[in-house]
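Summary of the model geometry
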Amino acid sequence: MSRPSPDSAEPADRLLHAGKHLELRTKGTWEYAHRPNATAIVALFAVHKGHLICVEQERPPVGVCVLEVPAGLVGDTVDGDVPADAAARELEEETGYRAEALEQVTVGPPSAGLSDEVVHFFKATGLTRVGDGGGVDGEEITVHRIPLACAEAWISGWAATDDRLVDPKVWAALWFLRDEVEQASKEN
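Read on for an overview of the structure. (Residues numbered from 1 in each chain as written. Predicted model: local features only at pLDDT ≥ 70, side-chain atom pairs only at ≥ 80, totals over all residues. Heavy atoms only, no water.)

Counting residues in each nonpolar core, the largest one holds 24 residues, and the members touching the most others are Leu52, Leu67, Ile146, Leu148, Ile155, Val170 and Leu174. Elements that contribute at least two residues to this core include exactly strand E4 (40–48), strand E5 (51–59), strand E10 (119–125), helix H2 (151–158), helix H3 (168–176) and helix H4 (178–187). Not counting residues up to four positions away in its chain, the partners in contact with Leu67 are Cys54, Val55, His144, Ile146, Trp154, Ile155, Trp158, Leu165, Val166, Asp167 and Val170. Residues Val42, Ala46, Tyr97 and Leu127 belong to the second largest nonpolar core, which totals 13 residues. (Core = buried A, V, L, I, M, F, W, Y, C linked by side-chain atoms within 4.5 Å. Buried < 20%, exposed > 50% of the residue type's maximum accessible area, 1.4 Å probe, protein only. Helix = DSSP H or I, 4+ residues; strand = E, 2+ residues; numbered from the N terminus. Contact = heavy atoms within 4.5 Å.)

Pairing between the strands of a sheet comes from backbone hydrogen bonds, and it takes one of two forms, parallel or antiparallel. Taken in spatial order, the three strands of this open sheet run E1-E2-E3, and their pairing is antiparallel. Both edges of this open sheet fall to strand E1 (13–18) and strand E3 (30–34), since each of them pairs with a single strand only. Direction aside, neighbouring strands of the sheet carry axes that sit 30° apart on average. (Pairing = 2+ DSSP bridges. Axes fitted to C-alpha atoms, helices over the stretch in contact; angles between N-to-C directions.)

Right, let's get into the side chain of Thr95. For Thr95, the location among the structural elements is in helix H1 (residues 83–95). Among the polar contacts listed, one links the side chain of Thr95 to the backbone oxygen of Leu91, at a separation of 2.5 Å. Residues within four places of Thr95 in sequence aside, it is in contact with Ile53, Val55, Pro70, Glu90, Arg129, Gly131, Asp132, Gly133, Gly134 and Val143. (Polar contact = N/O pair within 3.5 Å; in protein donor to acceptor, adjacent residues only side chain to side chain.)

Assignment of secondary structure puts Ala71 in strand E7 (residues 71–74). In this structure the C-alpha to C-alpha distance between Ala71 and Val118, which are 47 residues apart in sequence, comes to 12 Å. If we ignore the near neighbours within four places in the chain, the residues touching Ala71 are Val42, Ala43, Glu90 and Glu94.

This part is about the packing of H2 against H3. One can describe the packing of H2 onto H3 by two numbers: an axis separation of 11 Å at closest approach and a directional angle of 175°. Taken together, the axes of H2 and H3 are roughly antiparallel relative to one another. Residues Ala151, Glu152, Ile155 and Ser156 of H2 form the contact with H3, whose own contacting residues are Val170, Trp171 and Leu174. Broken down by class, the residue content of the contact of H2 with H3 amounts to five nonpolar, one polar and one charged. (Parallel < 35°, antiparallel > 145°, perpendicular 65-115°, else oblique. Nonpolar A, V, L, I, M, F, W, Y, C, P; charged D, E, K, R; others polar.)

Let us now look at H3. Looking at H3, one finds that the buried residues are Val170, Ala173 and Leu174. One side of H3 carries all its buried residues, which in axial view fall inside an arc of 95°. Structurally, H3 contributes buried residues whose contacts are with E4, E5, strand E6 (64–68), H2, strand E13 (164–166) and H4. The backbone nitrogen of Lys169 lies 2.7 Å from a side-chain oxygen of the residue at the head of H3, namely Asp167. (Arc of directions from axis to C-beta.)

Residues other than glycine seldom take positive phi values, yet Lys49 does so here, at roughly 50°. For Asp137, which is not glycine, the phi torsion reads 50° and is therefore positive. Mapped onto the secondary structure, Asp137 falls in the loop between strand E11 (128–129) and strand E12 (142–147). What makes Asp137 exposed here is its relative accessible area of 80%.

Let us now look at the pattern of salt bridges. Under the counting rule described, the total for this entry stands at nine salt bridges. Between Glu180 and Lys123 there is a salt bridge whose closest N-O contact spans 2.7 Å. One end of the pair, Glu180, is in helix H4; the other, Lys123, is in strand E10, and 57 residues separate them in sequence. In this structure, Glu182 engages Lys186 in a salt bridge whose closest nitrogen and oxygen atoms are separated by 3.4 Å. Within this pair, Glu182 and its partner Lys186 are both found in helix H4, separated by four residues, close to a single helical turn. Taking the relative accessible area as the measure of exposure, Glu182 reaches 45% and is therefore partly exposed. Assessed through its relative accessible area of 60%, Lys186 is described here as exposed. (Salt bridge = Lys/Arg side-chain N within 4 Å of Asp/Glu carboxyl O.)

As structure tokens, then:
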């Protein structure tokens, strides 16, 4: 499906409410969230020595800890920011790993009916540990190294309590890293 051209008869976008980091906007009868301080989102599928690198943090909107792939905003702190640079920065800030190479594997909306955000997904390879990770500016991020050979069982076990959720992007990571998962399973 192609996007409408700028000269189409689309209804004008209108601001309904502005908060510090989010806006509620409307286009015709459709209401949606917009992040005025960012141009996109990045998410990383990162493997180091047979382990999927994930992060855990409390997410107030859902009221529990969430297991996620490292991710962050593009353009929130750097003028002229581009997805690949933001991906490298977020990987290091959140996990303490630096990637030798980043390959964009897909782009898409995480919740097209709720938000105008678009996520750029990267596969991070050739990782080197350069710090502790844990985030910046008061973030309290726990880094998890999940063995690829038993990742599905590990993730399911981690989420077996009522006070934890798994972001579906973690499951997507296993699909995008299926060659590495298969190789790890053969080695064990």
